[in-house]
Amino acid sequence: MPSLFHSSAPADCWLRHIIAVVLLGMLCATIYANGMFGAFLFDDLPNIVDNPHMQVTTLDPSAWYLAAISGPSSDRPVANLTFAANHYLSGFDVFGFHVVNVIVHWVNGVLVYFVAVQLWGLLRTLPGPAGKLRVAQGEPPPGPSLKKGGGIKATLRRRAKNRDCVPSGEQTKRHTPLPLVAFLFALLAAGFFVAHPLQTQSVTYIVQRMNSLAVMFYLLAWLCYMLGRKTPSPGRRWTLWAACLVAWLLALGCKPIAATLPLLILVYELYFPRDLDLAWIRRRVRYLLAAVLVVGLVGWWFLGLQPPGEFLQEGYALREFTPAQRLMTQPRVIAGYLGAILVPLPSLLILTPHVVTSTSLLSPATTLPSLLLLVGLLVAAVKFARPYRLASFCVVWFFLHLGIESSIFPLEMAFQHRTYLPLVGVALAVGWLFSLLATRFLTVSLVGGTALILVLGFLAHQRNLAYRSPLIMWADVVTKAPDDYRGHYNLGVALDDLGRYVEAVECYTRSLSIHEKYFDAYTNRGIDYMRLGLAQQALDDFNQAIALDPDSARVYNNRGGSYSQLNEFESAFTDYARAIELDPEFAEPHFNRADDLRFLGRRAEAIEDYSRALQIFPGYTEAWLGRGISFAEQKEYERAIRDLSVAIELQPDHAEAYFFRGTCLGRQQQAALALRDFDRLLELRPDHTEAYRSRAVQHFVLRDYDAAWRDVLRCRELGGEVLQDFVEQVRAARNGGD
């Protein structure tokens, strides 16, 4: 085994690579095994679960095209296609979604490993601490720099003599083997990246596949550029660079953070192939301007070719902070990211960090110190760039890849998944530090690095437990950030999904006590008041919501429902009409108005509104049910049965649809079919007294008097009422009468 990690043979190099890939896969699988059944939550819902275009069930190209470009993240078609593929293969089974996310994370770890391998090859020719690594392995220190003259022949002779040295691609085609220390550098860097607890938000949080998938293609693009840069074959070089372009376009199709690749390539060129030759930058200033222009054009395209000023104005209209306040707050946000990276305690890991906005450099007091910290890091990176090349490059990497999401764009103030790509730089720096230690204390480096990765992996494994359900996640958020009004709101939403409306109302009330103008909290609390039969309180909340947003069709529709509960139907109809006026393609106010019209006995008008709701949304199960009941009340049983059958097809466990269809079938003298519906209904709702009473009637029609009597008794046991005349008829029939 020792020879494997010291051998220069290509076969041994590839065997080391295979070992690394397998170890990273085992590490990734172990860490994320307990997150494979984590529920959909937060942005998973609008982007995946509630996005009808994601529910692809055929290979029809038009369906896949709509899946790619529809929904809240229509500018991320590649990631959207993977979600649609998950649904096509296994529906909304979360296991399949998590499997893909974990595989993507594993691949990213492997890419970090191979990026580290390539960087090691370049480090071996640089001065500074990297030279110590060479000397420790018995290699002569580097001679004069190639650009200073007189050193080229000596350097080439030294490289030819030293088979473990990694020459530049223009000078050799030989395979580059990895010595033991280099193997540790690459493996520990990749292991740190895979195991870090901050990564859980890009792995276990399903929708953030957009983030991890973008990073996968981004790293692949950069690796292709690096390989193309060093290969002596023009054909192979252009093939790799073409692959780089394709991978970059795929990365852009996942998330706009990939727009920074041209700048990364320039930084990479300056730091490594060009050996920090600033004259090269001056000579190639046009390339720098071209890179900036490309990034700008890509960004403009993601803005929908909208004028930047207009985009910023519209975006910040939805925020509670100004562009200047966002820029002042970001140093504290980035300092918080660094704290969570260096000390990833469970208390620092949170789905939606609550950040107090900086209103000046002195408010909060941590604003200026955070800014000075970041400036100090950048100054140190520049000052020590030559002797500590990789460390300096990693600092630049970190800031470069926060450049989009921590800048002036009107995004949420902070999300920890934004550290996924910047963490690559931190991981490389950690691997480099352990490789320095390994030159003298190999065992200490190996044990220390392994222990670090195991501790990080354990913390990540524990963090996955918070993703088991939305309730657990949002309880975690409000525990760590009790003043986060959105956290309390989302905890209320999770409680609503469980039918715990009283507790949900308490959460919305807590949210409003922190932020008294929170539109969504008023709306959801009003809906819960309606569910609890507190129509007047609901009406008060909807009035508050309308005052905050007078153009919300959703709130007018909800207020119409509260008026309906108060039997103020004319006011309800006025609100439904206003909701329809604001959003003509909103099906729910048509449905709600139809329900009220049916209650008032205006069935023809109700059927018209149900039909309009179904025209807008053909999958509206309750509208099919309502229209079917309306037809039944008009004694149009065949039309009623057709509508109720559609409702059952859309929702096979819809108990009421079976009840009304069974009733209609009975009226049509189809007792056997009616019995089948009542049987199915009682499988779904064993306590449905009306179903027992109705089934007793059908048994009586079919002269199965014993079964009819059993249903009569069961109905009475459950507290239901049965007409005494019918009871006497059944009793007489069982006693021999017919």
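Refer to the preceding data block for the structure.
Residues numbered from 1 in each chain as written. Predicted model: local features only at pLDDT ≥ 70, side-chain atom pairs only at ≥ 80, totals over all residues. Heavy atoms only, no water.

What exactly am I supposed to notice about the pattern of salt bridges here?
For side chains of opposite charge, pairing can occur when their charged atoms come near one another. On inspection of all chains with the given rule, the structure shows 36 salt bridges. Between Glu717 and Arg714 there is a salt bridge, with the nearest N and O atoms lying 3.1 Å from each other. One end of the pair, Glu717, and the other, Arg714, are both in helix α35 (residues 705-717), three residues apart, so they sit about a helical turn from each other. When its relative accessible area of 58% is taken as the criterion, Glu717 is described as exposed. (Salt bridge = Lys/Arg side-chain N within 4 Å of Asp/Glu carboxyl O. Helix = DSSP H or I, 4+ residues; strand = E, 2+ residues; numbered from the N terminus. Buried < 20%, exposed > 50% of the residue type's maximum accessible area, 1.4 Å probe, protein only.)

For this particular structure, what's the right way to read the nonpolar core?
As a rule of thumb, nonpolar side chains are buried together in soluble globular proteins. In terms of nonpolar packing, the biggest core is built from 160 residues, with Tyr113, Leu119, Trp222, Leu261, Leu390, Phe393 and Trp397 touching the most fellow members. Discounting residues that sit within four places of it in the chain, Leu390 has contacts with Leu119, Leu123, Phe185, Phe272, Leu428 and Trp432. Grouped together as the second largest cluster of nonpolar side chains are 50 residues, Leu597, Ala606, Tyr637 and Phe726 included. (Core = buried A, V, L, I, M, F, W, Y, C linked by side-chain atoms within 4.5 Å. Contact = heavy atoms within 4.5 Å.)

Any chance you could explain the state of the cysteines here in plain terms?
Should the sulfur atoms of two cysteines be covalently bonded, the bond is a disulfide. On inspection of all chains with the given rule, the structure shows zero disulfides. Cys28 takes part in no disulfide bond, and the closest cysteine sulfur to it belongs to Cys254, at a distance of 18 Å. Take Cys28: its relative accessible area is 1%, and that puts it in the buried class. A disulfide-free cysteine, Cys715 has its sulfur positioned 20 Å from the sulfur of Cys664, the nearest such atom. (Disulfide = S-S within 2.5 Å.)

Help me understand the environment of Ser645 in this model?
Among the secondary structure elements, Ser645 is positioned in helix α31 (residues 637-650). Its relative accessible area of 26% is what places Ser645 among the partly exposed residues. Note: C-alpha distance between Ser645 and Tyr658 (13 residues apart in sequence) is 8.4 Å. From its side chain, Ser645 meets the backbone oxygen of Ile641 in a polar contact 2.7 Å long. (Polar contact = N/O pair within 3.5 Å; in protein donor to acceptor, adjacent residues only side chain to side chain.)

How should helix α18 (residues 389-400) be read in this particular structure?
For an α-helix, 3.6 residues make a turn, and residues three or four places apart therefore share a direction. The terminal C-alpha atoms of α18 lie 16 Å apart, and with 12 residues this matches the ideal 16 Å at 1.5 Å per residue to within 8%. α18 sits mainly inside the fold: nine of its 12 residues count as buried. Buried within α18 are the following residues: Arg389, Leu390, Ser392, Phe393, Cys394, Trp397, Phe398, Phe399 and Leu400. (Expected span 1.5 Å × (residues − 1).)

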